Amino acid sequence: WNLMRFGWYPGENLTDNPAAVNSSNTLIFIILALIQIIYAYQLKAGNENIFKKKTFSNTYLILTSVIILLILYSIQSFDLLGNKLNLVDFSNLEWGIIIFSIFIISGTEELRKLLKR
């Protein structure tokens, strides 16, 4: 969707629109990193609901999550790091896409756990 938003159509060469490619790469990079943080909490909760178990009482997991979020923010926001990885700054729309994706994936995982129980 993000590539098509910048005017790319299936079958076209991706190198014609580097802004679309960089924006999509950044979006996928941030979403995958955040999903891994959420899966760490899911793994700690086991088959229980992530909010019912004392998942958030593990200080090491919380501290690691905060450090990773700060690293992600630094990589994405500062030009020195972002230019090396071809990452771009996000608009409010892209942050909305990230938050929506995280809610969908977390909700799907919680639904799977509910059905498994």
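Residues numbered from 1 in each chain as written. Predicted model: local features only at pLDDT ≥ 70, side-chain atom pairs only at ≥ 80, totals over all residues. Heavy atoms only, no water.

1. Points about the side chain of E109
At step 1: Structurally, the position occupied by E109 is in helix α5 (residues 92-116).
At step 2: Polar contacts involving the side chain of E109 include one to the side chain of R112, which spans 2.6 Å.
At step 3: Excluding its chain neighbours within four sequence positions, the residues that come into contact with E109 are Y39 and Q42. (Helix = DSSP H or I, 4+ residues; strand = E, 2+ residues; numbered from the N terminus. Polar contact = N/O pair within 3.5 Å; in protein donor to acceptor, adjacent residues only side chain to side chain. Contact = heavy atoms within 4.5 Å.)

2. Here we look at α5
At step 1: With 25 residues, α5 should reach 36 Å at 1.5 Å per residue; the first-to-last C-alpha distance of 36 Å fits that figure.
At step 2: For α5, the complete set of buried residues consists of E94, I97, I98, S101, I102, S106, E109, E110 and K113. (Expected span 1.5 Å × (residues − 1). Buried < 20%, exposed > 50% of the residue type's maximum accessible area, 1.4 Å probe, protein only.)

3. Here's the deal with helix α3 (residues 59-77)
At step 1: The end-to-end C-alpha distance of α3 is 27 Å, a good match for the 27 Å that 19 residues give at a rise of 1.5 Å each.
At step 2: Every buried residue belonging to α3 is among L61, S65, L72, I75, Q76 and S77, and all of these are buried.

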